[in-house]
Every structure is written in structure tokens, then in C-alpha cells.
Amino acid sequence: GAAAGSGIDAALLGGLAGGRIIEGPRLSDVAGLSSGEGDPIPRVYGRARIGGTLIWATRPLEVASPAAASAAGGKGLGGGKVKRTAYAYFVDLAIGLCEGPVAGLRRVWADGREIDLTTVTLRLHVGDGDQAPDPLIVAKEGAANAPAYRGLAYVVFERLALAEFGNRIPQFAFEVLRPVAGLAGMIRAVCLIPGSTEFGLDPQRVTEEAGYGTTRPANRFQLQAGTDVTASLDALQALCPRL
């Protein structure tokens, strides 16, 4: 009797209603999209971990992902097809770091967890006196309304996915390099002495078996580049511009 009643309801009520539509949670506001006017600009000497200040952001971009319709079981008004829609959110933002110019950016943390920089689109503006505006800010605001922030080192995240941060902008921290006069600007060459690693100087990523059908990287433990030697040489050349 229950099966017959469910079939009748699905045929009559489900067909009339056109099926059920279920939408996933949506974002009404982005927590963290605020900054204080008049925040001091820090100075960095050597290598330091700083937080930064939000200086520009866009409205979050909502992307709907409809799933394939599925049949709904059970007796009553729930008969027919069920259409589910999930939503993902992305945002563009710029974060001011410190007084420039800086040599480079080593690591970035979001909510205390280090980000793999090869998985995000991030641009660093070192804070030169003649730096140009970021192309994304120019595209969004127009050339006449896009400041260059000369003298300020800042980063721009392009289309940053917010799903893994609970659909909000996380708390960022940045490891900034800023050598101040001295030996770093004089070094023109170095000698690389191989250590005890087999693949440490290989610029191509090498993996090794980790058991149970899984693999792990053998020459990538820094999350700034594809391999450790590439990340290390980039940092070295940033610190020693004449190298």
C-alpha cells in the first residue's frame, strides 16, 4: 500500500509541482572584509612574519554548480525529481604588507596553515618608488582609479577560493624578506655544495613510494615552488640581486 501510494503521489503531485529544488548554503556577507583607516605601515629588517592590512577587495563571486537531478523516494509531496545546487565563492583582494622595497615573499599562512603557493594566483609588488598599478585592480576599477601604492609592498590574490576557509577571508600571515645594506648586495656568485640528498638539486619533481599505492615527494618540502632547489634559488636571488 505504501509503495502504491508513493507511486501515485509521484505521478500526480510530483508532476504538477515540477519536482523539488534544493539549494545549498549561500553566502550573504563576507566576514573579514574590513580594514582600519590610518593603520601604521610596518618596517621589516631581514626576515619577519607580519599580518598585513586589507587595502582592496571585490565583492565575492558566486558560482553555482547544479547537480544531476535524482529521483526522490517516499510518500507525499516529495515525489518526482530533486534538483540540488551547490555554491562556491571566490574573491579578489589586495593586502598591504610593509614599507618597500622588499626582496621577496617566502611563506604565506591562512588561519595558521601554510598555503601551497603553486595552487593560488598571487602577485607580489615589492614597493618600489616607480611600481605600476596591479593589472587586476586596473581591470576592476579603471586606470584612473587604480592606485599604484608606490613605496608600499603588497600582495594581490586573484580569484581566491573561500570554500576551505568556511566561505570567509582567512587571517593571513606573510614571511617577508627585506635585506638592508651590507653583504647581500655585494655577492655576485656562490658555490653549491651537494648535501646528503639524492634528488635535492633536481629541478624536476621526484616522487617515491610511500606504501599502499601512494607516493610522496622526494625533493619538495617547501611550498613556494615546484621543487626545493627552485624555491631556494629564488629566495637566494631575491636576497642577492647581483647574483
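From a predicted model like this one, the values you see are computed outputs, not experimental measurements.

Draft legend 1. Expanded view of the environment of Val 102. With respect to the helices, strands and loops of the structure, Val 102 is situated in the loop between β6 (81–99) and β7 (104–110). The class for Val 102 is buried, based on a relative accessible area of 7%. On a C-alpha basis, the gap between Val 102 and Gly 127 in space is 6.7 Å, while along the polypeptide they are 25 residues apart. Residues contacting Val 102, with those up to four places away along its chain left out, are Val 126, Ala 153, Val 176, Leu 177 and Arg 178.

Draft legend 2. Spotlight on the confidence of the model for the protein. In this model, the protein carries a mean pLDDT of 83, and residues with pLDDT of at least 70 account for 83%. Taken as a whole, residues 29–33 scores under 50 in pLDDT and shows 10 contacts with residues more than four places along the chain or in a different chain.

Draft legend 3. Main features of unusual backbone geometry. Following Gly 100, the chain continues into Pro 101 via a peptide bond in cis, with omega recorded as 0 degrees. Positionally, Pro 101 belongs in the loop between β6 and β7. If you check the backbone angles, Asp 111 has positive phi at about 55 degrees while not being a glycine. Its place among the elements puts Asp 111 in the loop between β7 and β8 (113–114). Phi at Tyr 212 is positive, roughly 55 degrees, even though this residue is not glycine. Looking at the element boundaries, Tyr 212 is found in the loop between β12 (207–211) and β13 (214–217). On the accessibility criterion, Tyr 212 (86% relative accessible area) is exposed.

Draft legend 4. Quick peek at the side chain of Arg 178. Secondary-structure assignment places Arg 178 in strand β11 (residues 172–178). Judged by its relative accessible area of 13%, Arg 178 falls in the buried class. Looking at Arg 178, its side chain comes within polar contact range of the main-chain oxygen of Val 44, at 2.9 Å. The contact partners of Arg 178, leaving out residues within four places of it in the chain, are Val 44, Tyr 45, Gly 46, Glu 99, Gly 100, Pro 101, Val 102 and Ala 103.

Thresholds applied
- Residues numbered from 1 in each chain as written.
- Predicted model: local features only at pLDDT ≥ 70, side-chain atom pairs only at ≥ 80, totals over all residues.
- Heavy atoms only, no water.
- Helix = DSSP H or I, 4+ residues; strand = E, 2+ residues; numbered from the N terminus.
- Buried < 20%, exposed > 50% of the residue type's maximum accessible area, 1.4 Å probe, protein only.
- Contact = heavy atoms within 4.5 Å.
- pLDDT = per-residue confidence, 0-100.
- Polar contact = N/O pair within 3.5 Å; in protein donor to acceptor, adjacent residues only side chain to side chain.

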